[in-house]
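Structural description and commentary
Spelled out from the first residue to the last, the chains are:
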Amino acid sequence: MARQEQILLLDPPHELKFRGPFTDVVTANLKLSNPTDRNVCFKVKTTAPRRYCVRPNSGVIDAGTSINVSVMLQPFDYDPNEKSKHKFMVQSMLAPADMGDMEGVWKEAKPEELMDSKLRCVFEMPSDSDKTHDGESNKVLSSSLLKSESSLPKSASASLDDGEVKKIMDECKRLQLEVQRLREENRQFREDDGLRRRKTASSSPPISAPASGGALREEGLSTRVLAFCILFFVIGVIIGKLAL
């Protein structure tokens, strides 16, 4: 008996795009939506499990709701001449009425009850303009952090023990991952917006150069604002530790 057609809606539906540089963790987001009136069990598999971290990689999607899955590609030496062969599979099944142990549910599932969708991985390097923009944002954040660090009294800096320093470093790493995720969402938004503009180009007059330039300036401004917000948050954490 043939397998059922996938009932979950995947966004993106066919491929996961990872945008370099790949010297740090790169995250792609996958949205799984359940349009049915039944709860649906899901799990995410990959052909390269050591290269990716998936959160969450399994679970239950309630009827009429959706869930966002973060697929994190670990750092590696990128070769533009090497084509990616990595693939992901989203497997799903209707949740049984007497839902128990998740592992047991999958083991007892019949082949005809399972549904799956496959996605391929695509690696992309940013354009020169994107590299310049991200570089400027990183310089602003780094220089501001150095200034704030130098402004702290030496006695106060010496009062931080190893445990507090480790907590601050962990918080900075988490914020760095959050910035990476927001950049990825911003890039996806720009791609979607560009696709909509191309679709409407035949029926609408072309957008003037000043308007396009204004949009780019707004995007640059929003990224800088985000960088400063994260900077002030880190400074607040450091000052809070010193106050204690």
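Attention here is on the structure that accompanies the text. Treat the numbers as computed from the prediction; the structure is a model and nothing was measured. (Residues numbered from 1 in each chain as written. Predicted model: local features only at pLDDT ≥ 70, side-chain atom pairs only at ≥ 80, totals over all residues. Heavy atoms only, no water.)

In terms of helices and strands, the protein carries 5 helices and 9 strands. Secondary structure elements in the protein, listed N-terminal to C-terminal, are β-β-β-β-β-β-β-β-α-β-α-α-α-α. By residue count, 30% of the 244 residues in the protein fall in the buried class. Expressed as a percentage of contacts within the protein between residues at least 6 apart in sequence, the contacts between residues at least 24 apart total 76%. Approximately 15,800 Å² of the protein is accessible, and the part contributed by carbon and sulfur atoms is 55%. (Helix = DSSP H or I, 4+ residues; strand = E, 2+ residues; numbered from the N terminus. Buried < 20%, exposed > 50% of the residue type's maximum accessible area, 1.4 Å probe, protein only. Contact = heavy atoms within 4.5 Å. Areas by Shrake-Rupley, 256 points an atom, 1.4 Å probe, with all protein chains shown as cover.)

Moving on, we come to the side chain of N34. For N34, the position within the fold is in the loop between strand 3 (26–33) and strand 4 (40–46). A polar contact of 3.2 Å, which involves the side chain of N34, links it to the backbone oxygen of D62. What N34 contacts, discounting residues up to four positions off in sequence, is L8, N39, V40, I61, D62, A63, G64 and T65. (Polar contact = N/O pair within 3.5 Å; in protein donor to acceptor, adjacent residues only side chain to side chain.)

On to the nonpolar core, then. Formed by 25 residues in total, the largest nonpolar core has its most connected members in F18, L30, L32, Y52, V71, F88 and F123. Counting only elements with at least two residues in this core, the list comes to strand 2 (15–19), strand 3, strand 4, strand 5 (52–55), strand 7 (66–73), strand 8 (87–94) and strand 9 (115–124). In terms of residue count, the dominant contributor to this core is strand 3 (4 residues). Not counting residues up to four positions away in its chain, the partners in contact with F123 are F18, F22, Y52, L73, F76, Y78, S84 and H86. M93, A95, W106 and A109 belong to the second-largest nonpolar core, a separate cluster that totals 7 residues. (Core = buried A, V, L, I, M, F, W, Y, C linked by side-chain atoms within 4.5 Å.)

The next point concerns the pairing of strand 7. Alignment of strand 3 against strand 7, held across 8 bridges, turns out to be antiparallel. Each bridged residue has a counterpart across the sheet, and for L32 the counterpart in strand 7 is I67. Here strand 5 runs beside strand 7; their pairing, made up of 4 bridges, is antiparallel. Looking at the pairing, V54 lines up with V71 of strand 7. (Pairing = 2+ DSSP bridges.)

Let us look at the sheet that holds strand 5. Ordered in space as 1-3-7-5, the 4 strands form an open sheet in which the pairing is antiparallel. Looking along the sheet, the strands with just one partner apiece sit at the ends: strand 1 (9–11) and strand 5. In this sheet, adjacent strand axes meet at a mean angle of 20 degrees when their direction is disregarded. (Axes fitted to C-alpha atoms, helices over the stretch in contact; angles between N-to-C directions.)

Right, let's get into the packing of aromatic side chains. Geometrically, a pair of aromatic rings is defined through the distance of the ring centres and the angle of the planes. Counted by the stated rule, this structure contains 8 aromatic pairs. Aromatic side chains F18 and Y52 sit 5.6 Å apart centroid to centroid with 50 degrees between the ring planes, which places their arrangement in the tilted category. Of this pair, F18 sits in strand 2 while Y52 sits in strand 5, placing them 34 residues apart in sequence. For the pair F18 and Y52, a shared accessibility class is recorded, and that class is buried. Their ring planes at 55 degrees and their centres at 5.5 Å tell us that F22 and F123 sit as a pair that is tilted. Note that F22 is positioned in the loop between strand 2 and strand 3 and F123 in strand 9, a separation of 101 residues in sequence. When its relative accessible area of 3% is taken as the criterion, F22 is described as buried. Overall, the relative accessible area of 16% leaves F123 in the buried class. For the cation-ring pair, R51 lies above F76, with the distance from its terminal atom to the ring centre recorded as 4.6 Å. (Phe/Tyr/Trp six-rings, centres within 6.5 Å; stacked < 30°, edge-to-face > 60°. Lys NZ or Arg CZ within 6 Å of the ring centre and 35° of its normal.)

This paragraph deals with the environment of V71. Within the secondary structure layout, V71 lies in strand 7. A relative accessible area of 1% means that V71 is categorised as buried. Sequence separation between V71 and V26 is 45 residues, and the spatial gap between their C-alpha atoms is 8.3 Å. Excluding residues within four positions of it along the chain, V71 makes contact with L16, F18, V26, T27, A28, Y52, C53, V54 and F88.

Right, let's talk about the pairing of strand 6 (residues 58–61) for a bit. Burial along strand 6 is one-sided: G59 and I61 are buried, and none of S58 and V60, which face the opposite way, are. By the bridge criterion, 4 bridges tie strand 4 to strand 6 in an arrangement that is antiparallel. Bridge pairing in strand 6 links C41 to V60.

Fair warning: the whole summary comes from geometry, so function is off the table for now.
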